[in-house]
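A look at the structure
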Amino acid sequence: MVKNKMVKEEYIVKTKDLNLWYGTNHAIIDVNLNMKPNKVTALIGPSGCGKSTLIRCFNRMNDVIPECNVKGQVYYHDKDIYGPSVDAVEIRKKIGMVFQKPNPFPKSIYENIAYGPRVQGINNKKKLDELVEKSLRDAALWDEVKERLSDSAMSLSGGQQQRLCIARSLAIQPEIILMDEPCSALDPIATAKIEDLIGELKKDYTVIIVTHNMQQAARVSDYTAYMYLGKMIEFGKTTKIFENPKEELTENYITGRFG
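First, a word on what this report is: a plain description of the structure on this page. (Residues numbered from 1 in each chain as written. Predicted model: local features only at pLDDT ≥ 70, side-chain atom pairs only at ≥ 80, totals over all residues. Heavy atoms only, no water.)

**Describing the environment of K71**
Here K71 is to be found in strand β4 (residues 68-76). With 53 residues separating them in the primary sequence, K71 and L18 have C-alpha atoms 5.9 Å apart. Other than its neighbours up to four places away in sequence, K71 contacts D17, L18, N19 and W21. (Helix = DSSP H or I, 4+ residues; strand = E, 2+ residues; numbered from the N terminus. Contact = heavy atoms within 4.5 Å.)

Structural data, given as structure tokens:
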């Protein structure tokens, strides 16, 4: 009897001995991390510990920074994205990013979402309409903007702008969404909406979030990684990290003794 070869991958992103330097500054040191699909992984740690630098390794955003040097491997579906035959632009189509501050384009709400698909060659009006609606629905924004798609994205509130940016990243149909402190510029009500959205998104996407807010990490994530001075100190299920960490450094940070 032939066994079914369609075995679901256990991990969607893996790093092996990942190191990164900005000039002489060794910002990421020997990081080994395995992340599962359709889960939320939170990266926590004090400012300057390498969290944002690390997630930028996952879609090669660090490539645009002068004097940035990466050694080691980052595997996406078991393929090293830093390999010589890999196109960084193709990687960024599958691994989208949402930044700390909302950064909508100075265009209409509709055109913000349609921009990425147009760049990919989708110009059919019906197809674009469907993608715009689906992306806005997935970002829990459709009901708030469906009557004003031609309005400027700048007319939206800060929280709505951030959900628009999430919708914009979904429009190019990624598998992974990287979020670099997506709530740091938002009020508590808008933050709660983004957190609820993250819980919904993991049904269809893998989410990796950088957050300074430990309560947020505890609320939204399935797995948590604690970083300190460029090193991965501890990684595991969020409940374990917060309730019974193995490392003293992790416990000191979680309990507020430093950081």
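And the narrative resumes.
**Some words on the environment of A225**
Tracing the chain through its elements places A225 in strand β9 (residues 223-228). Among the residues examined, A225 registers a relative accessible area of 0% and is labelled buried. Taking the C-alpha atoms as reference, A225 lies 39 Å from K127; in sequence the two are 98 residues apart. Contact partners of A225, with chain neighbours within four places excluded, come to L33, A42, L43, I44, M232, E234 and F235. (Buried < 20%, exposed > 50% of the residue type's maximum accessible area, 1.4 Å probe, protein only.)

**So, the pairing of strand β7 (residues 176-180)**
Counting buried residues along β7, 5 of its 5 residues qualify, which places the element largely inside the surrounding structure. Of the two faces of β7, the one holding I176, L178 and D180 and the one holding I177 and M179 are both buried throughout. One ladder, built from 4 bridges, connects strand β6 (residues 95-98) with β7; its direction is parallel. By the bridge assignment, I95 is partnered in β7 with I176. Note: β7 against strand β8 (residues 206-210), 5 bridges, orientation parallel. Residue pairing in the sheet places M179 in a bridge with I209 of β8. Since β7 and β8 lie parallel, the crossover through helix α7 (residues 188-201) that links them has a hand, and here it is right-handed. (Pairing = 2+ DSSP bridges. Right-handed = clockwise from strand over helix to strand, strands pointing away.)

**Things to note about α7**
In this model, α7 (14 residues) spans 20 Å end to end at C-alpha, consistent with the 20 Å of a helix rising 1.5 Å per residue. The elements touched by buried residues of α7 are β3 (40-44), α4 (125-138), α6 (158-170), β7, β8 and α8 (214-220). Its side-chain oxygen placed 3.0 Å from the backbone nitrogen of I189, D187 serves as the N-cap of α7. (Expected span 1.5 Å × (residues − 1). Polar contact = N/O pair within 3.5 Å; in protein donor to acceptor, adjacent residues only side chain to side chain.)

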